[in-house]
Amino acid sequence: MGEKLLVTSSPHLKGPKTVRGLMLDVILSLVPASIAAVVIFGPRSLTVILASVVSAVASEAIFEKAVKRDVTVNDLSAVITGLLLALTLPPGVRLYVPVVGSAFAVIVAKQIFGGLGTNFVNPALAGRAFVMAAWPLQLSSKWVAPFTFDAVSGSTPLAVLRSGQTAIPSISDILIGNRLGSLGETCVLALLLGASYLIARGVIDWRLPAGYIGAVFAGAWVFGKSGAYFQGDGLTAVLLGGVILGAFFMATDYVTSPVTGKGRLYMGIGAGIVTILIRLWGTYPEGVTYGILFMNLVTPLIDRFMVPRYYGYVHDVSLRRKARAAGRRA
Amino acid sequence: MVNLRRGFGGVKLPDRKGLSAHAKIEDAGIPAELVLFLSQHTGAPSKPFVKVGDAVKRGQKVADAQGPVSAALHAPTSGIVKAIEPRYQPVLACMVDAVVIEPDGKNETVEGLAPVATNLHAVSRQKIVEIAREAGLVGLGGAAFPTAVKLTPPPGTVIDTYLLNGAECEPYLTADQKLMEEEATTIVFGFRALMKGAGAPKGIVCVEDNKPEAIDAMKKAIGPFKELDVAVLPSKYPRGGEKNLIEVVLGREVPPPPGLPLNVGVIVSNVGTAYAMAQAILTGLPLVERVITVTGEGVARPANFKALIGTPLSYLVEKAGGFSGTPGKVIMGGPMMGTAMRGLDVPVLKGTSGVLVLRKEQSAPEPVLPCLHCGKCVDSCPLRLLPVWIASYAENGYLDEAEKFRAVDCCECGACAYSCPSRRPLVQSIRLAKARIAERRRAAAAKKQK
């Protein structure tokens, strides 16, 4: 036998999930929402999405070449960042918004710190926060009427609610996407389809979105109606705005969410609380971006304190108690 | 039927037992050379008392146990002691003294080898422990802990349950499965002997649900004995690991190292050990052979052999039809916890349960990506540890933090590394941390003694 044998540490079997495979699953899960965006708001949606994705991938490649690192666009994480950012923008937005936003997201929120696995906040949301601050009008007025593709400068249902009026579309309209809104957040059904795919494939932990949606629902239900408690419309609060998109696709970014199941649940709840605080008592009509960004920053703290009870902990605690008691008696 | 509890973590692995599950146990025969390491069990090495040139017969003791935690060593077949020299021990990965025997092909059994009893009533508890010690019995599940020592826990320990581990949760391996299918009655005899030796009133046979014929065979074999029961486990890795087994079957948790199952009143032994115990009582034969699965996509005819301890891997692979395709990895043990071999010129040890040959295409190394912090390793760790942090701390030299996150508790099952999408070498990093922590503790203890 003249062949050389490979000698590596155990285990010698590797699981079926790879980084590329996980990213592909996420992209696949966003396809229904992207298709819905094109169907509801017209071909401009596709232009916005493509501009965002191309800018994200190009920025990553150019930056990595510039700092002499391996170009890693093949792992598809930049594609996802670009796609997610595009889905949070209004359909009529000028193209420089997604291009600059994606570049900021990929370079400043991720690559500067070391690339994949080192971002300290969700890159897509960081990009959105940047463009929200830089071009607030682009993000609050470039709406497009559903199915007729006319540019409209009215308010989204969320803004309408905020101003105290109650003339918002019906629940079925909200679910299908027959209303004003950004590319990705409008067709809730498409988002839920993608989300169930992700959960079924084991890509995301259901506890995070459950905590988030539960907290938003509870907060809106308890405090939603001004002047009275427990009379708010929790369901509408969850379906409007970017809650579904944020809960299932943004907050669940691996790098910026906790590593334990319980930790993820608490992160979801925390993000939901901040979102409700901003929506009900802040000046923005939409609080998802900052809710998730805030909990991204808190994640390391959660990880520090959410240490599971290791196997055998039961004995360690009782042994220590016995030792202390014995010490006291001595 | 035993009620099972929920265990944490674990991964569902591809079974791959179909390759050798239908191969009946066959005799491997006598190779040209047998290498018996003096250190192939947990504890102090054995002390040889034969000399080069001595003639030995099958079942003859060639080395004695040294100290309380050690095991005796016996010649598997008749021949001449060719040498007593250092040879490369694959699991300890260093040169270890070994008794090298050149068989003469006559396979003569040593005089005086006779059955001790055919009925358990004829042997006392002390006699069973003595037989286990004299026969050089060690745990055949892999760790090779001297059985006689296991059967005599520290005074004051009460053992209330004995678990017989027939789970065989590693993919590809079918040695225990075939042994249970073909020798269930003998295994049960040996199990009851072990229980008597330990003084345990209750025994549970644990099998995974991917072995239906074995389950039926064992259920039939324990029929007449009211103190025995069968627990059928869902196939998840590593439910067959001793700590996980106790958690799932009995709902108890073994204290962290240096805690042992005896601290919660349990002893666990492999089905192979029970079979060897039965052989030692029923025929008087000491531990000189065991069932080994030679399997993998890289061998032409996967088989389950009854092989002599000390048989070289090259002999067994040839018996299994030789290589199929280009071999990439040869693993002693299962694919999750086995050791990769440098070559085939290493012998089978007492604790070797399988030889796995993987093709080159199956064993190509994958690039390592940065940690995604996805938590899949945390979700899969059966001991509820945080492999992500232990490995990161170990890789960056932070030994104190690695110790605080309980690196020492890790059983190296590999479930974390299996689940890692970035293909990070988690088990390797944790092993490194464990080794460095142990070294540090030893140095501190030595300093304290001075």
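Quick caveat: nothing in here was measured; it's all calculated off a predicted structure.

1. Overview of the overall build of chain A
Thought 1: Assigned secondary structure in chain A consists of 15 helices and two strands.
Thought 2: If you line up chain A on its principal axes, its C-alpha atoms span 80 × 65 × 35 Å.
Thought 3: A total of 330 residues make up chain A; the buried ones form 50% of that total.
Thought 4: Considering only contacts in chain A between residues 6 or more positions apart, those separated by 24 or more positions represent 70%.

2. Remarks on the overall build of chain B
Thought 1: A count of helical and extended segments in chain B gives 13 helices and 17 strands.
Thought 2: Here the C-alpha atoms of chain B give a radius of gyration of 22 Å, agreeing with the 22 Å that 2.2 N^0.38 yields for 450 residues.
Thought 3: Its C-alpha atoms put chain B at 65 × 60 × 50 Å along the principal axes.
Thought 4: Sequence separation of at least 24 residues holds for 73% of the intrachain contacts in chain B that already meet a minimum separation of 6.

3. Examining the domain arrangement of chain B
Thought 1: Under the domain assignment used here, chain B contains domain 1 (17–22 + 115–282), domain 2 (32–102) and domain 3 (376–449).
Thought 2: Domain 2 of chain B and domain 3 of chain B are separated by 34 Å when their C-alpha centres are compared.

4. Some details on the interface of chain A and chain B
Thought 1: Taken together, the 33 residues of chain A in the interface contact 54 residues of chain B.
Thought 2: Every element with two or more residues in the side of chain A that touches chain B is listed here: helix H1 (19–41) and helix H15 (313–329) of chain A.
Thought 3: At three residues, H15 of chain A tops the list of elements feeding residues into the side of chain A that touches chain B.
Thought 4: By residue class, the composition of the side of chain A that touches chain B is 17 nonpolar, eleven polar and five charged.

5. What to know about the sheet that holds strand S7 (residues 79–89) of chain B
Residue and element names in this part refer to chain B.
Thought 1: Taken together, four strands build an open sheet; the order of strands is S2-S8-S7-S4 and the sheet is antiparallel. Each of the sheet's edge strands pairs with one partner strand only, and the pair in question is strand S2 (34–37) and strand S4 (55–56).
Thought 2: Pairing analysis gives two bridges linking S4 to S7, with the strands arranged antiparallel. The residue of S7 that forms the bridge with Val56 is Gly79.

6. Quick look at unusual backbone geometry
Residues and elements named next belong to chain B.
Thought 1: The omega angle of the peptide bond from Tyr237 to Pro238 is -5 degrees, so this bond is cis rather than trans.
Thought 2: Secondary-structure assignment places Pro238 in the loop between strand S11 (228–233) and helix H6 (242–250).
Thought 3: Of the consecutive residues Pro257 and Pro258, the connecting peptide bond is found in the cis state with omega at 10 degrees.
Thought 4: Topologically, Pro258 is positioned in the loop between H6 and strand S12 (266–270).
Thought 5: Unusually for a residue other than glycine, Tyr172 sits at a positive phi of about 75 degrees.
Thought 6: Following the sequence through the fold, Tyr172 ends up in the loop between strand S9 (161–166) and helix H3 (175–182).
Thought 7: Phi is positive for Arg423, close to 60 degrees, though the residue is something other than glycine.

7. Points about the packing of helix H4 (residues 184–198) of chain B against helix H7 (residues 271–282) of chain B
All names here are of chain B.
Thought 1: Packing of H4 against H7 brings their axes to within 7 Å, and their N-to-C directions diverge by 85 degrees. Here H7 runs roughly perpendicular to H4, going by the angle between their axes. Along its contact with H4, which presents Thr186, Ile187, Phe189, Gly190, Phe191, Ala193 and Leu194, the element H7 presents Val271, Ala274, Tyr275, Met277, Ala278 and Ile281.
Thought 2: A breakdown of the residues in the contact of H4 with H7 according to their chemical character gives eleven nonpolar, two polar and no charged.

8. Topic: the pairing of strand S15 (residues 327–332) of chain B
Residue and element names in this part refer to chain B.
Thought 1: In terms of residue burial, S15 counts as a mostly covered element, since six of its six residues are buried.
Thought 2: For S15 and strand S17 (residues 354–359), the ladder comprises five bridges, and the chain directions are antiparallel. Paired with Ile331 across the two strands is Leu356, which belongs to S17.
Thought 3: Note that S15 and strand S16 (residues 339–340) share two bridges and pair antiparallel. Across the sheet, Met332 pairs through a bridge with Thr339, a residue of S16.

9. Observations regarding the packing of helix H10 (residues 207–223) of chain A against helix H13 (residues 261–281) of chain A
A packed helix pair is summarised by two numbers, namely the angle formed by the two axes and the spacing between the axes.
All names here are of chain A.
Thought 1: At a closest axis distance of 7 Å, the pairing of H10 and H13 adopts a crossing angle of 35 degrees. The hand of the H10/H13 crossing is right-handed.
Thought 2: Taken together, the residues that form the contact of H10 with H13 break down as 16 nonpolar, seven polar and two charged.

10. A short note on the confidence of the model for chain B
Thought 1: Averaged over all residues, the pLDDT of chain B equals 91, while 100% of them reach at least 70.
Thought 2: Scored as a complex, the prediction yields pTM 0.89 and ipTM 0.86.

11. Thoughts on H10 of chain A
Given 3.6 residues to a turn, an α-helix orients residues that are three or four positions apart in the same direction.
Thought 1: Here H10 of chain A is 17 residues long and its end C-alpha atoms lie 24 Å apart, about the 24 Å a rise of 1.5 Å per residue gives.
Thought 2: Taken together, the buried positions of H10 of chain A are occupied by Leu208, Pro209, Gly211, Tyr212, Ile213, Ala215, Val216, Phe217, Gly219 and Ala220 of chain A.

12. Describing the sheet that holds S11 of chain B
Residues and elements named next belong to chain B.
Thought 1: If you trace the four strands from one edge of the open sheet to the other, you get S11-S10-S9-S12, paired in parallel fashion. Since the sheet does not close on itself, it has two edges, and those belong to S11 and S12, each with one partner. Taken pair by pair, the neighbouring strands of this sheet meet at an average axis angle of 25 degrees, ignoring direction.
Thought 2: In the sheet, S9 pairs with S12 via five bridges, with the strands oriented parallel. In the strand pairing of S12, Thr161 is matched with Val266.

13. Here we look at the domain arrangement of chain A
Interface size is commonly expressed as the accessible surface area that is lost when the partners come together.
Residue and element names in this part refer to chain A.
Thought 1: On domain assignment, one finds that chain A holds domain 1 (18–151) and domain 2 (204–309).
Thought 2: On a C-alpha basis, the centres of domain 1 and domain 2 stand 22 Å from each other.
Thought 3: Those elements that provide at least two residues to the side of domain 1 that touches domain 2 are helix H3 (77–87) and helix H5 (123–134).
Thought 4: Of the residues forming the side of domain 1 that touches domain 2, the biggest block, four residues, is contributed by H5.
Thought 5: Here the residues of the side of domain 1 that touches domain 2 sort into eight nonpolar, four polar and one charged.

14. Considerations on the environment of Val52 of chain B
All names here are of chain B.
Thought 1: Mapping Val52 onto the fold places it in the loop between strand S3 (47–48) and S4.
Thought 2: With 12 C-beta atoms packed within 10 Å, Val52 lands in the exposed category.
Thought 3: The sequence separation of Val52 and Glu85 amounts to 33 residues, and the corresponding C-alpha distance is 9.9 Å.
Thought 4: The residues contacting Val52, other than those within four sequence positions of it, are Val81, Ala83 and Ile84.

Rules of the game
Residues numbered from 1 in each chain as written. Chains lettered and ligands numbered in written order. Predicted model: local features only at pLDDT ≥ 70, side-chain atom pairs only at ≥ 80, totals over all residues. Helix = DSSP H or I, 4+ residues; strand = E, 2+ residues; numbered from the N terminus. Buried ≥ 20, exposed ≤ 12 C-beta atoms within 10 Å, placed from the backbone. Contact = placed C-beta atoms within 7 Å. Rg over C-alpha atoms; globule rule 2.2 N^0.38 Å. Domains from an automatic or database assignment. Nonpolar A, V, L, I, M, F, W, Y, C, P; charged D, E, K, R; others polar. Pairing = 2+ DSSP bridges. Axes fitted to C-alpha atoms, helices over the stretch in contact; angles between N-to-C directions. Parallel < 35°, antiparallel > 145°, perpendicular 65-115°, else oblique. Left-handed = near helix turned anticlockwise from the far one by under 90°. pLDDT = per-residue confidence, 0-100. Expected span 1.5 Å × (residues − 1).

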